[in-house]
Amino acid sequence: MKHTGKRLRALALAAAMVLLMTGIAAGRIQGTLAAPAAAQSTPTLQQMYGTLGQYTKGPEAIKARISGNTLTIDVYVNFTGSYNAKIDGQTYAALAKKGIRLWAGSYTGSRWDFRPGMGFSVRVNVMDIYNGAGRLPGQNYFDFVCRTDLGRSYVNYSTGFYNRELLGTGQGAIVNRGYTNGAVVMYNGLSKRYTANQYAKVSAHEFGHVLGLGDLYKRGIASTPECPQGKFYAEGDIMATQGRVTPNNIEMFLEAYRTGWYQAYLNSGYEVKSKAIKSY
Ligand SMILES: [Zn+2]
């Protein structure tokens, strides 16, 4: 009997333990289904990238910071040339600033960029001066040169040789010593004059180069949702032709900001394919 009693007590104890464990398991399931766990799986922009404070020295012409799900980009630009010439009543400078601000907006992540469904916003502050007047001491400004003739607009550094700290200075691997490193040399049309919208879009594309991004067009890359090629005046990628700013463009910018490296779409010549590109 004594022996059987021990066995019964052992069985009862085992049963109690099973119940206890079932209770723990139930609690776990409840915890998994609760809202806080879902929030944990989608980090904020700041949790992914930090504030960016450690990458900013002070005088740079492009300065970025992150707070929560907001990325703020400060842009210091010096307009020169025919910035007061107009298209449909708007000056080249006004249209260029409109283009630079096309990088601002609300974005959603995907399987290729940031995290799927993750929402964040980008703010762009443009600090513009003209012919160097009123420049803040110790602050670099990249030139934005407005021309009134036709040509292929470009940014003044050699392809693959981006350096954010040198933007707005006379140093670095630059194409034209008459302009600052990272100067946008903006023509008023390619084969014919730009419309106001085209001028803003081309300015946004060139600004993408100032931010450290390479060209997407003419690279033979298939269109993907991450990097849509687009066509003229269609909604492709801004680093293709006349497109829009995509979450991937923002991711490439953040990569350039943190590493100091030029962000290309393919390995080609001095260009190294960006880690931000994951769809091909
Ligand atoms: Zn380009």
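Before reading further, recall that the structure is shown in the block above.
Values in this document were obtained by computation on a predicted structure and should not be read as measured data.

Here's the deal with the overall build of the protein
Moving on, step 1. Counting its regular elements, the protein contains 6 helices and 9 strands.
Moving on, step 2. Counting every position in the protein, which comprises 280 residues, the buried fraction comes to 37%.
Moving on, step 3. Contacts in the protein between residues at least 24 apart in sequence constitute 65% of all its contacts with a sequence separation of at least 6.

Description of the packing of helix 4 (residues 92–100) against helix 5 (residues 196–210)
Moving on, step 1. Packing of helix 4 against helix 5 brings their axes to within 7 Å, and their N-to-C directions diverge by 55°. By the criterion of interaxial angle, the relationship of helix 4 to helix 5 is oblique. Relative to helix 5, the crossing made by helix 4 is right-handed. For the pair helix 4 and helix 5, contact is made by Tyr 92, Leu 95, Ala 96, Lys 98, Gly 99 and Ile 100 and by Ala 196, Tyr 199, Ala 200, Lys 201, Ser 203, Ala 204 and Phe 207, respectively.
Moving on, step 2. Counted by class, the contact of helix 4 with helix 5 contains 9 nonpolar, 2 polar and 2 charged residues.

Details of the pairing of strand 1 (residues 62–67)
Moving on, step 1. Where strand 1 and strand 2 (residues 70–81) come together, 6 bridges link them in antiparallel fashion. From the neighbouring strand, Ile 62 faces strand 2, where its bridge partner is Val 75.
Moving on, step 2. Following strand 1, the chain reverses through 2 residues before pairing antiparallel with strand 2; Gly 68 in that reversal takes a positive phi of roughly 60°.

Considerations on the pairing of strand 2
Moving on, step 1. Sheet analysis places strand 2 next to strand 6 (residues 119–130), joined by 10 bridges and oriented parallel. Counted as the bridge partner of Tyr 76 is Met 127 from strand 6.
Moving on, step 2. In the sheet, strand 2 pairs with strand 7 (residues 142–146) via 5 bridges, with the strands oriented parallel. Looking across to strand 7, one finds that Asn 78 is bridged to Asp 143.

Quick notes on helix 6 (residues 247–259)
Moving on, step 1. The end-to-end C-alpha distance of helix 6, which contains 13 residues, comes to 18 Å, matching closely the 18 Å that a straight helix rising 1.5 Å per residue would cover.
Moving on, step 2. Close packing links the buried residues of helix 6 with helix 3 (45–49), strand 1, strand 5 (105–108), strand 6 and helix 5.
Moving on, step 3. Count one or two residues on from helix 6 and you reach Gly 260, which has phi positive near 80°.

Quick word on unusual backbone geometry
Note: most residues except glycine have negative phi, and most peptide bonds are trans.
Moving on, step 1. Of note, Phe 114 is a non-glycine position whose phi angle comes to about 55°, a positive value.
Moving on, step 2. Even without a glycine there, the phi angle at Asn 131 is positive, about 50°.
Moving on, step 3. Within the secondary structure, Asn 131 is located in the loop between strand 6 and strand 7.
Moving on, step 4. Looking at Asn 131, the number of C-beta atoms within 10 Å reads 11, which means it is exposed.

Quick look at the environment of Arg 101
Moving on, step 1. One can find Arg 101 in the loop between helix 4 and strand 5.
Moving on, step 2. Linking Arg 101 and Ser 203, residues 102 residues apart in sequence, is a C-alpha distance of 9.8 Å.

Structural notes on the environment of Ala 196
Moving on, step 1. Relative to the assigned elements, Ala 196 resides in helix 5.
Moving on, step 2. Spatially, the C-alpha atoms of Ala 196 and Ala 96 are 9.6 Å apart, while their sequence positions differ by 100 residues.
Moving on, step 3. Contact partners of Ala 196, with chain neighbours within four places excluded, come to Ile 87, Asp 88, Gln 90 and Leu 95.

Rules of the game
Residues numbered from 1 in each chain as written. Predicted model: local features only at pLDDT ≥ 70, side-chain atom pairs only at ≥ 80, totals over all residues. Helix = DSSP H or I, 4+ residues; strand = E, 2+ residues; numbered from the N terminus. Buried ≥ 20, exposed ≤ 12 C-beta atoms within 10 Å, placed from the backbone. Contact = placed C-beta atoms within 7 Å. Axes fitted to C-alpha atoms, helices over the stretch in contact; angles between N-to-C directions. Parallel < 35°, antiparallel > 145°, perpendicular 65-115°, else oblique. Left-handed = near helix turned anticlockwise from the far one by under 90°. Nonpolar A, V, L, I, M, F, W, Y, C, P; charged D, E, K, R; others polar. Pairing = 2+ DSSP bridges. Expected span 1.5 Å × (residues − 1).

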